Structure formats: C-alpha cells, structure tokens
Amino acid sequence: MSDIEIAVICHETSRTHQAEQIAKQLSCPYLGVTTSSQLTTPDLVIEVTGEGIVLAETGKKSANPIKVDFISGALAHRRKYGGGKSQSIAKAVGLNKAKKLQVLDATAGLGRDAFVLACLGCQVTLLERSKVVHLLLTDGLNRAATDLDVASIINQLQLLCVDAKDYFQELLQLTDQFDVVYLDPMFPHREKSAKVKKEMWIFQKLLGQDLDADYLLDAAIAIAKYRVVVKRPKLAPYLADKAPTYQLIGKSGRFDVYVNKAFGS
Ligand SMILES: C[S@@+](CC[C@H](N)C(=O)[O-])C[C@H]1O[C@@H](n2cnc3c(N)ncnc32)[C@H](O)[C@@H]1O
C-alpha cells in the first residue's frame, strides 16, 4: 500500500464532531472547517459533508471527488436499465444457471459490482481492507439503507473491514459457505475516460497496486463451492499466471471464470 498523506475536514461546524471521530478512527489529522480546493496539502482529504463522506484531492484542480452513491447516478441507471441477468457479470457468477447465490466479494472497493450482484438477487459479503475505502462504502451503504427504492437491496450486502487473506484462512475450516468468490484487485488503468482516469488515479494514489493479489486466487479456489470469478482489464495477464476454465470478454474488461464444479452437482 502507498504511504500518502491524508487528513479529514468538514464543511460545516455542525459536522465537527463526526469529522474528529473519523480522524481518530483513521489516525490522521483533522484540519477543521474548510474545503479541499482551499488546501494545498496533504494530497488527499476526507470531506465530511451534509450529503455524505467524500474523498478528494486538495488544490484548485480538485475534481471528481469519490463518493459512494447507490441511490442516484450510474448505479441507479444500471439498477433500472442494466440488462438484468444477460449482463456479463451475471453470466460470470452463474446467475444464468443458479437462482440464488451466496457471493463473497473479497475486494469490495466502492461496492459497485457487489451492488449489481445484489440487484440481481445475490447475497453478498464484502471484504475491504483499506480503512478509508471501508469508511466511504459504509457511508454509502448507510445512506442507501434509508432509501425506499434500494433499502431491500442494501439488506443483501454485508460489509467487513478485513484483509481477505486473513478471512480466507478462517474460511478454510468452513467449506461451502460461499457459492462464488469474486475478485477485482487494483490494476493500472488505461481507459481513456477522464472521469475514470481521475478516480482511478486517486484510488491508486491511496491504495497503490494490490501486489499481493496473486495469492488470493488459490485461496479463493480452495473455498468457493462452485466458482471463482476474476475481473480484469481486457489485456491484463491472468491472476497468478493461472489460465481460467473460460473467459467472458467485453469491450474494455473481461471476467476469468475458474470453475470448481457445476451448479447443482
Ligand atoms: C479495484 S477495487 C474493487 C472495485 C470494486 N469491484 C467495485 O465494484 O467498486 C479493489 C479493492 O480491493 C481492495 N483489496 C485489495 N486486496 C484486498 C484484500 N486482500 N483484502 C481486502 N480488500 C482488498 C482494495 O483496497 C480496493 O479497495
């Protein structure tokens, strides 16, 4: 992981207590009531705002702050018009063959893939090891849990702040708990979209690359009842250099599917 500097700020005095608590939790400084564009250091700030918790760059050029939003924007659009079980992610986890799946998303990130899977009926346990990302995701989940349209979907998600390597060790004693293990470790992005670039840049600045990702594959295969799905950029090498049983290839990304056994067997 990278060792970039991060601090907490808030937009209104009424949020001071919450911001101080978050700073304490993350063991980083609290810089008071201000905005990211008014600061030049540190590199990144967590902004506690009336509309939720945001991760942003400091400085005048700060744009596209990262915030988890399951209620509106791209994920709301995907929930309504995303194509249901004909989407690649649905086929990759096996929703064209099994109706209800228990999925372990071992690299939760901003929870977008997990949310899509929950919209399609999966129960998803999410693991996130970064305390900052876990904070953003918890905030997004809490806000969405009070929204009438998405609350029932959010109920299908359970988030844990843990390193998947430790969690996998515990699971080796309890086989068959998860039908599918889903992995989407960080990989340097080459997509052209400015927004994605900026967001990935902030994320890579915060997290670095997941250099231990190869280790996750064998452990995931050992615990998944039916299959492991790995999301990769289209041209990326296989995780752990291991060829999958088959692939689903899209425009910019692909899913590598490692089958342990057929559904129902
Ligand atoms: C590319 S992001 C995942 C994006 C996610 N699929 C989404 O839809 O938002 C990868 C995330 O996995 C987390 N991660 C990587 N290795 C992990 C591990 N061993 N245990 C838990 N989380 C991990 C990183 O901190 C990062 O937040």
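Quick caveat: nothing in here was measured; it's all calculated off a predicted structure.

J.: Would you take a moment to explain the pattern of salt bridges for this structure?
T.: Any two side chains of opposite charge can pair, on the condition that their charged atoms come close. In total, this model carries ten salt bridges according to the counting rule given. A salt bridge links R15 to E12; the shortest N-O distance between them is 3.4 Å. Residue classification places R15 among the partly exposed residues on the basis of a relative accessible area of 25%. With a closest N to O distance of 2.8 Å, R143 and D139 form a salt bridge. Separated by four residues within a single helix, R143 and D139 lie in helix α5 (residues 131–145), roughly one turn from each other. Using a relative accessible area of 22% as the deciding quantity, one classes R143 as partly exposed. One continuous salt-bridge network, built from bridges that share partners, spans R129, D163, K165, D210 and D212.

J.: Would you take a moment to explain the sheet that holds strand β7 (residues 157–161) for this structure?
T.: Whenever strands of a sheet pair, they do so through backbone hydrogen bonds, lying parallel or antiparallel. The sheet built from seven strands is open, its strands ordered β7-β6-β5-β8-β9-β11-β10 with mixed pairing. Only two strands of the sheet have a single neighbouring strand rather than two, namely β7 and β10 (246–249). The sheet shows a mean angle of 20° between the axes of neighbouring strands, direction not considered. Two strands pair when backbone bridges link them, and strand β6 (residues 123–128) and β7 are joined in this way by five bridges, in the parallel orientation. Across the sheet, the residue bridging to V124 is L157, located in β7. Sitting on the sheet, helix α4 (residues 112–119) is in contact with β5 (102–105), β6, β7, β8 (178–183) and β9 (224–233), with an inclination near 170° to β6. Packing of α5 onto the sheet brings it into contact with β6 and β7, and relative to β7 it is tilted by some 155°.

J.: In this structure, what is going on with the domain arrangement of the protein chain? I would like to understand it.
T.: How big an interface is tends to be reported as the loss of accessible area on association of its parts. The domain boundaries assigned to the protein chain delineate domain 1 (6–57) and domain 2 (73–259). Distance from the C-alpha centre of domain 1 to the C-alpha centre of domain 2: 28 Å. Contacts between the two partners involve 13 residues from domain 1 and, on the opposite side, eleven residues from domain 2. Buried surface at the junction of domain 1 and domain 2, both sides included, amounts to about 1100 Å², of which 74% is carbon and sulfur. Considering only the side of domain 1, the residues that lose the most area to domain 2 are I53, L55 and E57, jointly responsible for 46% of the buried surface there. Our enumeration of links across domain 1 and domain 2 arrives at zero salt bridges. At the boundary of domain 1 with domain 2, the tally comes to one residue pair in polar contact (both at pLDDT 80 or more). Those elements that provide at least two residues to the side of domain 1 that touches domain 2 are α1 (16–26), β3 (44–49) and β4 (52–57).

Conventions we followed
Residue numbers restart at each chain and count upward from 1, following the sequence in its written direction. Thresholds applied to this predicted model are a pLDDT of at least 70 for local features of residues and 80 or more for the giving and counting of side-chain atom pairs; totals over whole chains, interfaces and linings are not thresholded and use all residues. Excluding hydrogens and water, the side-chain values take into account all heavy atoms of the structure. Salt bridge, as used here: a side-chain nitrogen of Lys or Arg that lies within 4 Å of a carboxyl oxygen of Asp or Glu. Exposed residues in this analysis have more than 50% of their type's maximum accessible area, buried residues have under 20%, and partly exposed residues fall in between, with area computed by a 1.4 Å probe over protein chains only. Strands are runs of DSSP state E lasting at least 2 residues, helices are runs of H or I lasting at least 4, and numbering of each runs from the N terminus. Note on pairing: DSSP must find at least two bridges between two strands before they are called paired. Here the axes come from fitting lines to C-alpha atoms, over the contacting stretch only for helices, and the angles between their N-to-C directions go from 0 to 180 degrees. When checking whether two residues touch, look at their non-hydrogen atoms; a contact exists if any pair is within 4.5 Å. Boundary definitions for the domains trace back to an automatic or database domain assignment. By definition, the buried area sums, over both parts, the 1.4 Å-probe accessible area that each loses when the two are put together. Whenever a nitrogen or oxygen atom comes within 3.5 Å of another N or O atom, the pair is scored as a polar contact, on the condition that within protein one atom can donate a hydrogen and the other can accept it, and that pairs from neighbouring residues in sequence are kept only if both atoms are in side chains.

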